[in-house]
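# Breakdown of the fold
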Amino acid sequence: MNDRNQYCEIILPLPLPGTFTYAIPSEYSNLYQGSRVVVSFGKKKIYTGVVLKTHNQSPTGYQPKDLLDVLDEQPIVTERQLQFFQWMARYYICSLGEVINAALPAALKLSSESFVGINPEIDPDAADVDDREWELLRSLKSNDLTMKDVSEVLGLKQPQRVLKKLSERGLIDLFEKVKDKYQPKKVRRVRIADAFLKEGMLEGLINELESKSKQQDILLAYLRNVPVLDTPETNANGILKSQLLTEELSPSSLKTLIKNEILTEWEEVVSRLPASISDIYGEIKLSQEQEHCRRLIKDTFRNQNTVLLHGVTGSGKTEVFIELIKEQVGQGKQVLYLLPEIALTTQIIARLHRIFDNSFGVYHSRYSDNERVEVWQKVLTKEYLFVVGVRSAVFLPFSDLGLIIVDEEHEPSYKQFEPAPRYHARDSAIYLSTIHQANVLLGTATPSLETYQNALDEKYGLVELTSRYGSAYNPTMEFANVSRERKQRKLKGNFTSVLVGAIQESLDKKEQVILFQNRRGYASYITCDNCSTIPKCPNCAVSLTYHQYNHKLVCHYCGYNQSMYSDCLHCGSNELRNVGFGTEELEEELKLLFPQALIQRMDLDTTRSKYGYQRIIESFEDGEIDILVGTQMVSKGLDFDRVNLVGIFDTDRMIHFPDFRSHERAYHLITQVSGRAGRKSKNGKVVVQTNDPDQELLQRARNDNYQAFFQWEILERERFHYPPFVRLINITFKHREKTVSFQAANFFAADIRKNLGNQRMIGPVEPLIGKIRNMYLHEITLKIEKQGINLPAIKEYLRSVEQMMKQMPAFKSVGVVFDVDPI
């Protein structure tokens, strides 16, 4: 390797196209693809980048900067990952930097932090400064300080003016320092000094401490926890210092024992993740149908890379998954088990712990940055052969994947919306499997239309589980006519008499109830009966949702909130009325209707903490909750033995939402929520509240006939040219001025008409919500046929039109968002 003639291509975690060329200093001659490096970018910024490749080709027209530092002796990103990241950037029309930014845990990305340092030639005592500035210079003489430290020394919240003055006089320097976000977890341990382990020394020490009872108590507590007298070798590992102090012993006496070298203290790096207890797998007894299903999946994998397991709710798909995981892990292969929601991982993880102990990793956003780094490292070293995670787990550094399971593959949660890359984890997992030559198993009771069509077209294998596990029966579905009960004045708040009666019956039997309303908050919006004013978000084109628990009006798009008021801000009237209802209002009404029942709400507002889901689910499993009311997170694969009733609200809004997928989504949700009832041997019941019980989709959901629903819905899709018969690409234009956004969309549309034809394009149009976070939106939708067209070339063309548009001064600040395969 020629030391000074080497260059490298670096991926920076920025939304900028391409890679960036840097020179490799001689001391970093052994630089590997996939290693992290520190580089300066622009005038002052410092970033962590990832090496894509090294080469000898000098760039023309400029002299590249040198790397500042190399952070890894061995790569933390594998060659297969880089191949996967490049595919994702191409397919989803985004930059490689955006993919890297999404893929790497935040703690693996260094940040640059502003520091202040003193000019080394300056003597603070000789400088012409006031007392406060002198104090700062004296502090800087010892160490460089962060902005936070400077604020504390000066006693100012905003020290910039003082710093500017000192900097202009040449007394201080302002600069950036790289800060490593990942910090290993460290614990402090103590043990008895080796000198006192000699025969008779320990007994003599205890006697010597008779007059110092607090120190003697600490020593005796240590001996109770560490059997040094019987097995001296146990002293080497000692005891956690924190554990010793939990016995209400004196910290100062412990400090004295360490100072007098009776006890030795040291620091130890430990994992934040649970330690593996054993590699003995728990036993699962598959039913005859489950075992047949397992064998059929394995046989189908011989000819098909991807298999769809279509099993009705409660059929025991998870047990089949576990047996297949055990087989792969037993062969030394890695397995990725994808789940759509953190709520679902909570219950599944508890079941997996009973089978695999702690020998697998869990990866989702409720884990801290440092915990996610440790999972990443354990996957990289193959310490974890098996990982359970949500969509971001597809980015982990697997080296030998044998199987990817995508549970509840139909779920919209697998699609990333903001920011880029706007990837679908199911589709990405299928591509990832081709890199590793692994198999993919898609599991669901309600396949997406695209997936089921692929299975019928024999692109995927198809295996079916048609009956519930054991002696469980499918729940019966009953429709409660809201419109009729409203006329008959039988409604109690938002509850029909049918549902109230069913809930009371379940409570009398000591059974549990799940109620589903896919809208959080108390009321959809507030209106004034006098002037019809509806409070709206100042940043978005939406009404504010009323949350009673904190008495606020909240925007669910940008987070803006304001306190609820008692009088209309427009006319001063106090005739304010709630319109619509959410989970919070249902919870309040339930407490009035069933005062003796234990009621819990499960939505985004009640599960924000790291273990929020887990606490609610465990309480429900333990029978501490009678009625659980929640949003769609209660619908996703949860398994509760004592639930025999499910109630579904606001069904008509789901069915008639203006979107071509609304029927499919409504069918999925109704079927999935219904599947929570009667999971064991008891007959379950589902009550659906609707204004029109006779509508066709509800009748098909009651019959639980997916094939009939599919045949009905697929004809509509084919007739109007929607997926799975075409590919969709949405292009959104954003700008603070509505006219500029509209003009940019029209400019883009004109070029598309010229090159792709008008028949492939819908728009430009203003979307249903035309303003979010003070940005006005316009959209173009492309329908691209699946056969006879070069899709990668079309995506390259769209990129080129964007670049051409951005070169025009009028459109330079317009944001352009590509969403490939939107859902």
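Residues numbered from 1 in each chain as written. Predicted model: local features only at pLDDT ≥ 70, side-chain atom pairs only at ≥ 80, totals over all residues. Heavy atoms only, no water.

### Quick word on the overall build of the chain
Of regular secondary structure, the chain possesses 25 helices and 34 strands. For a compact globule of 823 residues, the expected C-alpha radius of gyration is about 28 Å, and the chain comes in at 31 Å, within 12% of that figure. Within the chain, the fraction of its 823 residues that count as buried is 53%. Sequence separation of at least 24 residues holds for 74% of the intrachain contacts in the chain that already meet a minimum separation of 6. Working note: accessible area of the chain is about 38,800 Å², and carbon and sulfur atoms make up 47% of it. Side chains of the chain carry 102 positive and 106 negative charges; the gap between the two charge centres is 4 Å. (Helix = DSSP H or I, 4+ residues; strand = E, 2+ residues; numbered from the N terminus. Rg over C-alpha atoms; globule rule 2.2 N^0.38 Å. Buried < 20%, exposed > 50% of the residue type's maximum accessible area, 1.4 Å probe, protein only. Contact = heavy atoms within 4.5 Å. Areas by Shrake-Rupley, 256 points an atom, 1.4 Å probe, with all protein chains shown as cover. Lys, Arg positive; Asp, Glu negative; His and termini not counted. Charge placed at Lys NZ, Arg CZ, Asp CG, Glu CD.)

### Here's the deal with the pattern of salt bridges
Counted according to the given criterion, the structure contains 39 salt bridges. Between Glu-265 and Lys-241 there is a salt bridge; the shortest N-O distance is 3.0 Å. Separated by 24 residues along the polypeptide, Glu-265 in strand β11 (residues 263–270) and Lys-241 in helix α8 (residues 241–245) bring together distant segments of the chain. Here Lys-241 falls in the partly exposed class, since its relative accessible area comes to 24%. (Salt bridge = Lys/Arg side-chain N within 4 Å of Asp/Glu carboxyl O.)

### A word on the packing of aromatic side chains
Across all of its chains, the model carries 28 aromatic pairs by this definition. Each ring, one from Trp-87 and one from Tyr-91, has its centre 5.3 Å from the other, and the planes form 20°; the classification is stacked. Here Tyr-91 and Trp-87 lie together in helix α1 (residues 79–91), a separation of four residues that amounts to about one turn. The class of Trp-87 is buried, set by a relative accessible area of 12%. Centroid distance Tyr-706 to Phe-709: 6.3 Å. Interplanar angle 50°. Geometry classified as tilted. With a gap of three residues between them, Tyr-706 and Phe-709 both fall in helix α23 (residues 706–719), about one helical turn apart. (Phe/Tyr/Trp six-rings, centres within 6.5 Å; stacked < 30°, edge-to-face > 60°.)

### What about unusual backbone geometry?
A cis amide bond links Glu-418 with the next residue in sequence, Pro-419, at an omega value of -10°. Residue placement: Pro-419 occurs in the loop between β16 (401–407) and α14 (425–436). A cis geometry characterises the amide bond from Pro-723 onward to Pro-724, with omega recorded as 15°. Despite not being glycine, Gln-437 shows a phi value in the positive range, around 55°. One can find Gln-437 in the loop between α14 and β17 (439–444). One non-glycine residue with positive phi stands out, namely Glu-458, at about 65°. Looking at the secondary structure, you find Glu-458 in the loop between α15 (449–456) and β18 (461–465). Residue classification places Glu-458 among the exposed residues on the basis of a relative accessible area of 62%.

### Observations regarding the sheet that holds strand β22 (residues 545–547)
Pairing in this open sheet of three strands is antiparallel, and the strands run β22-β23-β24 from one edge to the other. Each edge of the open sheet carries a strand with a single partner, namely β22 and β24 (561–563). Put simply, the sheet's adjacent strands are angled 30° from each other on average, direction ignored. Bridge analysis of strand β23 (residues 552–554) against β24 gives three bridges, and the strand direction is antiparallel. What sits directly across from Lys-552, in β24, is Ser-563. (Pairing = 2+ DSSP bridges. Axes fitted to C-alpha atoms, helices over the stretch in contact; angles between N-to-C directions.)

### Focus: a negative patch on the surface
Together, Glu-618, Glu-621, Asp-622 and Glu-624 make up a negatively charged patch on the protein surface. Note that Glu-618 resides in helix α19 (residues 612–621). (Patch = residues over 30% accessible without salt bridge, like charges linked within 9 Å, V, L, I, M, F, W, Y side chains within 5 Å.)

### A closer look at helix α11 (residues 317–330)
Over its 14 residues, α11 runs 20 Å from end to end, which matches the ideal 20 Å to within 8%, given 1.5 Å per residue. Here α11 lies mainly inside the structure; 12 of its 14 residues are buried. Considered for burial, the residues of α11 that qualify are Lys-317, Thr-318, Glu-319, Val-320, Phe-321, Ile-322, Glu-323, Leu-324, Ile-325, Lys-326, Gln-328 and Val-329. Just past α11, the residue Gly-332 takes up positive phi, approximately 80°. (Expected span 1.5 Å × (residues − 1).)

### Regarding the confidence of the model for the chain
This prediction gives the chain a mean pLDDT of 88; 94% of its residues lie at or above 70. Confidence, expressed as mean pLDDT per element, reaches its minimum in the chain at strand β8 (residues 172–179) with 67 and its maximum at α14 with 98. Across residues 1–5 the pLDDT falls below 50, and counting only partners more than four positions away or on other chains, this stretch makes 11 contacts in the model. Note that pLDDT drops below 50 for residues 276–281; the model gives that stretch 14 contacts with residues more than four away or on any other chain. (pLDDT = per-residue confidence, 0-100.)

### Some points on helix α18 (residues 583–593)
For α18, the full list of buried residues reads Thr-583, Glu-584, Glu-585, Leu-586, Glu-587, Glu-589 and Leu-590. On its buried side, α18 packs onto α17 (497–508), β20 (512–516), β22, β26 (599–602) and β27 (627–630).

### So, the environment of Pro-120
Along the chain, Pro-120 falls in the loop between β6 (111–118) and α3 (131–142). For the pair Pro-120 and Thr-451, spaced 331 residues apart in sequence, the C-alpha separation works out to 67 Å.

### Brief notes about the packing of helix α22 (residues 696–703) against α23
At a closest axis distance of 8 Å, the pairing of α22 and α23 adopts a crossing angle of 155°. Considered as vectors, α22 and α23 are oriented roughly antiparallel to each other. Every residue of α23 that contacts α22 at Glu-696, Leu-697 and Arg-700 is listed here: Ala-708, Phe-709 and Trp-712. Of the residues that constitute the contact of α22 with α23, the class distribution is four nonpolar, no polar and two charged. (Parallel < 35°, antiparallel > 145°, perpendicular 65-115°, else oblique. Nonpolar A, V, L, I, M, F, W, Y, C, P; charged D, E, K, R; others polar.)

### Quick look at the pairing of β16
Here β16 lies mainly inside the structure; seven of its seven residues are buried. One ladder, built from five bridges, connects strand β13 (residues 334–338) with β16; its direction is parallel. Among the inter-strand pairings, Leu-338 is bridged to a residue of β16, identified as Val-406. With five bridges joining them, β16 and β17 adopt parallel strand pairing. Residue pairing for β17: Asp-407 is matched across the bridge by Gly-443. As a crossover connection, the stretch from β16 through α14 into β17 is right-handed. (Right-handed = clockwise from strand over helix to strand, strands pointing away.)

### Some points on the packing of α1 against helix α2 (residues 96–103)
Their axes nearest at 8 Å, the elements α1 and α2 cross at an angle of 125°. Classed by the angle they form, the pair α1 and α2 counts as oblique. Note that α1 runs across α2; the crossing there is right-handed. Residues Phe-85, Gln-86, Met-88 and Ala-89 of α1 touch α2, and the partners they reach there are Leu-96, Val-99, Ile-100 and Ala-103. Taken together, the residues of the contact of α1 with α2 break down into seven nonpolar, one polar and no charged. (Left-handed = near helix turned anticlockwise from the far one by under 90°.)

### Quick notes on the nonpolar core
Counting residues in hydrophobic clusters, the biggest one holds 116 residues, and the most contacted among them are Ile-731 and Leu-798. What Leu-798 contacts, discounting residues up to four positions off in sequence, is Ile-93, Ile-729, Ile-731, Phe-748, Ile-752, Leu-782 and Phe-818. Within the second largest apolar cluster, 30 residues are counted, among which are Phe-301, Val-307, Leu-403 and Leu-441. (Core = buried A, V, L, I, M, F, W, Y, C linked by side-chain atoms within 4.5 Å.)

### What about the sheet that holds strand β28 (residues 643–648)?
If you trace the six strands from one edge of the open sheet to the other, you get β19-β29-β28-β20-β27-β26, paired in parallel fashion. At either margin of the open sheet sits one strand with a lone partner, and together these are β19 (476–481) and β26. Looking at each pair of strands side by side, their axes are set apart by 20° on average, direction ignored. Sheet topology note: the β26/β27 ladder contains four bridges and is parallel. Looking across to β27, one finds that Gln-600 is bridged to Leu-628.

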